[in-house]
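Structure assessment
Letter by letter, the chains look like this.
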Amino acid sequence: MMDKMIFGRYVPAQSIIHRLDPRSKLLMIFLFVCIVFIANNPATYALLVVYTFLMVSLSKVPFRFIIAGLKPVLWLVLFTMLLHLFLTKEGEIIFQAGWFKIYEEGLRQGIFISMRFFLLILMTSILTLTTTPIEITDGLESLLHPLNKVKFPVHELALMMSISLRFIPTLMQETDKIMKAQTARGVDFTSGPIKERMKAIIPLLIPLFVSSFKRAEELATAMEARGYRGGEGRTKYRQLSWGFKDTFMLLLLVLLALLLFLLRT
Amino acid sequence: MSMKPLVQLNNVSFQYDIQENYALQDVSFEIYEGEWLAIVGHNGSGKSTLAKLLNGLQYPQEGTITVDGMLLSEETVWETRRMIGMVFQNPDNQFVGTTVQDDVAFGLENNGIARDDMIERVNSSLNKVKMAQFLDQEPHHLSGGQKQRVAIAGVIALRPSVIILDEATSMLDPRGREEVLETVRELKETHNMTVISITHDLEEAAKADRIIVMNKGKLYREGTPEEIFQMDEELVKLGLDIPFPVKMSKLLKEQGISLSRHFLSEEELVAELWTSYYNK
Amino acid sequence: MDILLQQVEYRYQANTPFERLAIKDVSIDIPSGTFLAIIGHTGSGKSTILQHLNALLKPTAGKVIIGDKEITSEKKQKNLKDVRQKVGIVFQFPEHQLFEETVERDICFGPMNFGISEDEAKRRARIAIRQVGLSEDILAKSPFDLSGGQMRRVAIAGVLAMEPDVIVLDEPTAGLDPRGRKEIMEMFHALHQERKLSTVLVTHSMEDASRYADQIVIMHHGEVYKKGTPEEIFSSPEGLMELGLDVPEVVRFQQKIEKAFQMNFPKTCLSVEQLTEEIAALVKRGEQR
């Protein structure tokens, strides 16, 4: 089930997008989310599409792969489109079959809004596909750093995030292992009435909890043994470096925003 | 090997809250600079408690532990932790970083080492454990043996005087175990590292300079591997095993073959058999 | 009950960019009453094979025949419960699967999932707990209050109480001390002998494989490298050494003796006692010369 999900998975490659500073990528996503709402006519949408596909091609992640991974989300996009198509009743009727009518405005909004949705998802996937989770964490830690002044525990939060990221694959393996062990003892996780299936979760969850607690305890011991005693006095090994390409990419996005403003109606 | 005691345990006793029996009772010994000391005993003999005390994760109720002349206490614990590095049993549960280099750097970050120095130390310690080509690898793509070598790199990056392996090979496959022991042997030889390995693997203990046998929380016997393995059936009674060459020597003697002693290495035993065959 | 693997292939995450071939062209025959050991490095495909033995995995090609059930990639299988009751698996570190409030309830969990009545399950729990060398008063305790070694035994009892025809063991002694290791292996060997229980042992330990198994399969890079009786497997240990696998200490020592004395013993000895006799005879011949 998890095998086919690519959302949130990192695909290693050597591309300019991969090499961007995670902070610039995070800022770009943030800006992009705002900018998308400027577009309101075919020209501006075309511009957004061109920009997004430029980013996709720069990332060197195979397009086929992105689409395959986005399949579950594409249904949502299609649903959004149909919703607008059927429920908007403005403009001229462009199609009619009995009581069923499609209005011009419906078609227009359907296409635009689902496109907006689609482009947003595409851009966010590019971020997660080209940035390791730990880079995203570092980026967030750095961007949130000013919040330290108001006693916001940025270091602890970042450490928690990075340890969680570190243990997700371990926990998945563990889940798989315990599921198999209990299946071998006659538990059926995949079929049967809902009530039975809910009951089947207990023999999975309890061992998972027990082992997670044990892990957490051992990890804490290991961390202590290696001299961890909070964020104070700690140096940082990972360093982010903001380069010309980051400034350039951000400027490109600002330029796009300006163009959209000029072209919107 | 110089005979300078690096770590001293004096009449150490320890008891867990909930238990009636002492986990450790009146244990005294010394650990010398540059030696490889194996502490053996079956599960529950007190050897793991010993590791916890040495790292200041617990404190003895009676007796004292001194590290390089410094009394181990709550005040000195952070300093002694820098001198005594620990490698634990479960390779997964001590891997903190998301990649190999991050994990090695973790201890350095904690100790506030400057970044340039850190990069140098991460690289050189990964070189020493032959994991340099895995800098950016994530832990779930590594074998158990590789993870343990990374853990060792993380420890030696802090340049400790002593490294404790707390059953560090017991969850590994034979190949992983061999990798880890080979790494430790090299570290000891080329960098004069003091090694304490807490183990129930007798093959591992046979490689040590000195062995301490623990039983029921007490120091049962102390000696060179040669001396310890003469104990023979006594070891089996303690829940341990006898290395193959010793077992073989013993059986041969029972068959009426005269051997000068119980051999610890197969080569020596073969050589002795060969001489007794041709020189009679 | 017989188990037959015919040209089994398995790919993890088939048809994704992460696809990985785990085993291919694996054919193994496990007639009822066999003690089979599967040996190989981590990642050689041992665990993948193991999961095919009770249909936890379905082959992506080839077929697995368990008793009268045939499992292939095409067929949608129902009623796999039958298969799973007859083939019990003791996974690596089985103590991680314990979850019930008491040892007794945990042991009864498997049997009751297969429709055994509570009374019968409890009766089986009492037998199983003794089989694994623990006393009955442990049944009322919480499994989480036990020592690691005891938890391991309880988990094994949980599988034994299902009364399977075939028992599959994945590194059952991993992490135990020498005494525990020996006791557990002796127990499985006794079960195999007394009840003719088919046993499949996945292990790294050449010692255990040569001591207990009557058939050995060596896996390498997802393929069967060699199969045969322990004598057949270890009579030419050079190939195994090339793969970086150990050979039993006895076999290794015999080789060293043969090399030093420049002679060959008539056969490969698999027990220390056998080898001792051979060597003693050899040395005594020397003395009489």
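These numbers were taken from a predicted model, which means no experiment stands behind them.

Under the criterion given, the structure shown has 9 aromatic pairs over all chains. Consider the rings of Phe53(A) and Phe63(A), whose centres lie 5.5 Å apart with planes at 50°: the pair is tilted. One end of the pair, Phe53(A), is in helix H3 (residues 42-59); the other, Phe63(A), is in helix H4 (residues 63-87), with 10 residues separating them in the sequence. Relative to Tyr12(C), the ring of Tyr10(C) has its centre 4.9 Å away and its plane inclined at 80°; by these criteria the two rings are edge-to-face. What makes Tyr10(C) buried here is its relative accessible area of 12%. A cation over an aromatic ring shows up here: Arg166(A) above the ring of Phe167(A), its NZ or CZ 4.0 Å from the ring centre. Lying over the aromatic face of Trp78(B), Arg81(B) brings its terminal NZ or CZ to 4.8 Å of the ring centre.

Turning next to the pairing of strand S4 (residues 61-66) of chain C. Residues and elements named next belong to chain C. Summarising the sheet, strand S1 (residues 3-12) and S4 pair through 5 bridges and their orientation is antiparallel. By the bridge assignment, Glu9 is partnered in S4 with Ala61. As paired elements, S4 and strand S5 (residues 69-72) share 4 bridges and run antiparallel to each other. Bridged to Lys63 within S5 is Thr72. Taken together, S4 and the strand that follows it, S5, pair antiparallel across an intervening segment of 2 residues, in which Gly67 is found at a positive phi of about 60°.

Taken together, the 19 residues of chain A in the interface contact 25 residues of chain C. Overall, the association of chain A and chain C removes approximately 2000 Å² of surface from exposure, summing both partners, and the carbon and sulfur fraction of that is 64%. Of all residues in chain A, Lys180(A), Ala184(A) and Arg185(A) bury the most surface against chain C, accounting for 35% of the area lost on that side. Where chain A meets chain C, there are 1 salt bridge. Between Asp106(C) and Arg185(A) there is a salt bridge whose closest N-O contact spans 3.1 Å. Tallying contributions element by element places helix H7 (residues 154-184) of chain A first for the side of chain A that touches chain C, with 7 residues. Looking at the side of chain A that touches chain C, its residues break down into 10 nonpolar, 3 polar and 6 charged.

A few words on the side chain of Asp138(A). By secondary structure assignment, the location of Asp138(A) is in helix H6 (residues 133-144). Not counting residues within four places of it along the chain, the set of residues in contact with Asp138(A) comprises Lys236(A), Arg238(A) and Leu240(A).

Moving on: the packing of helix H3 (residues 103-113) of chain C against helix H4 (residues 118-131) of chain C. Residue and element names in this part refer to chain C. Between H3 and H4, whose axes approach to 9 Å, the crossing angle comes to 120°. Considered as vectors, H3 and H4 are oriented oblique to each other. When you trace H3 past H4, the crossing you get is right-handed. On H4, the residues that touch Val103, Glu104, Ile107, Cys108, Pro111 and Met112 of H3 are Glu118, Ala121, Lys122, Arg124, Ala125, Ala128 and Ile129. Tallied by class, residues from the contact of H3 with H4 come to 9 nonpolar, no polar and 4 charged.

All right, on to the domain arrangement of chain A then. In terms of domain boundaries, chain A breaks down into domain 1 (2-131 + 241-263) and domain 2 (146-225). Put simply, the middle of domain 1 of chain A and the middle of domain 2 of chain A, counted by C-alpha atoms, are 33 Å apart.

What follows is about helix H6 (residues 178-195) of chain C. What sets the pattern is the α-helix's 3.6 residues per turn: residues three or four places apart point alike. Residues and elements named next belong to chain C. Relative to the 26 Å expected for 18 residues at 1.5 Å per residue, H6 spans 26 Å between its end C-alpha atoms, a close match to the ideal helical length. Residues of H6 that are buried in the fold lie against strand S3 (35-39), H4, helix H5 (148-160), strand S7 (166-170), strand S8 (198-203) and helix H7 (206-212). Downstream of H6 by a residue or two, Lys196 has a phi angle that is positive, lying close to 55°.

Moving on: helix H8 (residues 194-225) of chain A. Across its 32 residues, H8(A) extends 46 Å between first and last C-alpha, which sits within 8% of the 46 Å expected from 1.5 Å per residue. Three or more residues of H8(A) are buried, namely Ala200(A), Pro203(A), Leu204(A), Pro207(A), Leu208(A), Ser211(A), Arg215(A), Leu219(A), Ala222(A), Met223(A) and Ala225(A). On its buried face, H8(A) sits against H7 of chain A, helix H2 (77-83), strand S6 (84-87) and helix H3 (100-110) of chain B together with H3 of chain C. Gly227(A) sits one or two positions beyond H8(A) and adopts a positive phi of about 90°.

This part takes up the side chain of Asp106(C). Positionally, Asp106(C) belongs in helix H3. Taking relative accessible area as the criterion, Asp106(C) reaches 1% and is therefore assigned buried. Sequence-distant contacts of Asp106(C), defined by excluding residues within four places in its chain, comprise Arg185(A), Leu98(C), Phe99(C) and Glu100(C).

All names here are of chain A. Taking the numbering used here, the UniProt-annotated feature "transmembrane region" (unreviewed entry) corresponds to residues 26-53, 65-87, 117-134 and 244-263. The distance from the first to the last C-alpha atom of residues 65-87 is 33 Å, and the span holds 100% helix and 0% strand. The straight-line gap between the two end C-alpha atoms of residues 244-263 is 28 Å; of that span, 100% is helix and 0% is strand.

Scoring rules and cut-offs
- Residues numbered from 1 in each chain as written.
- Chains lettered and ligands numbered in written order.
- Predicted model: local features only at pLDDT ≥ 70, side-chain atom pairs only at ≥ 80, totals over all residues.
- Heavy atoms only, no water.
- Phe/Tyr/Trp six-rings, centres within 6.5 Å; stacked < 30°, edge-to-face > 60°.
- Helix = DSSP H or I, 4+ residues; strand = E, 2+ residues; numbered from the N terminus.
- Buried < 20%, exposed > 50% of the residue type's maximum accessible area, 1.4 Å probe, protein only.
- Lys NZ or Arg CZ within 6 Å of the ring centre and 35° of its normal.
- Pairing = 2+ DSSP bridges.
- Contact = heavy atoms within 4.5 Å.
- Buried area = accessible area lost by both parts, 1.4 Å probe.
- Salt bridge = Lys/Arg side-chain N within 4 Å of Asp/Glu carboxyl O.
- Nonpolar A, V, L, I, M, F, W, Y, C, P; charged D, E, K, R; others polar.
- Axes fitted to C-alpha atoms, helices over the stretch in contact; angles between N-to-C directions.
- Parallel < 35°, antiparallel > 145°, perpendicular 65-115°, else oblique.
- Left-handed = near helix turned anticlockwise from the far one by under 90°.
- Domains from an automatic or database assignment.
- Expected span 1.5 Å × (residues − 1).
- UniProt positions renumbered as here; feature names shortened; annotations may be inferred.

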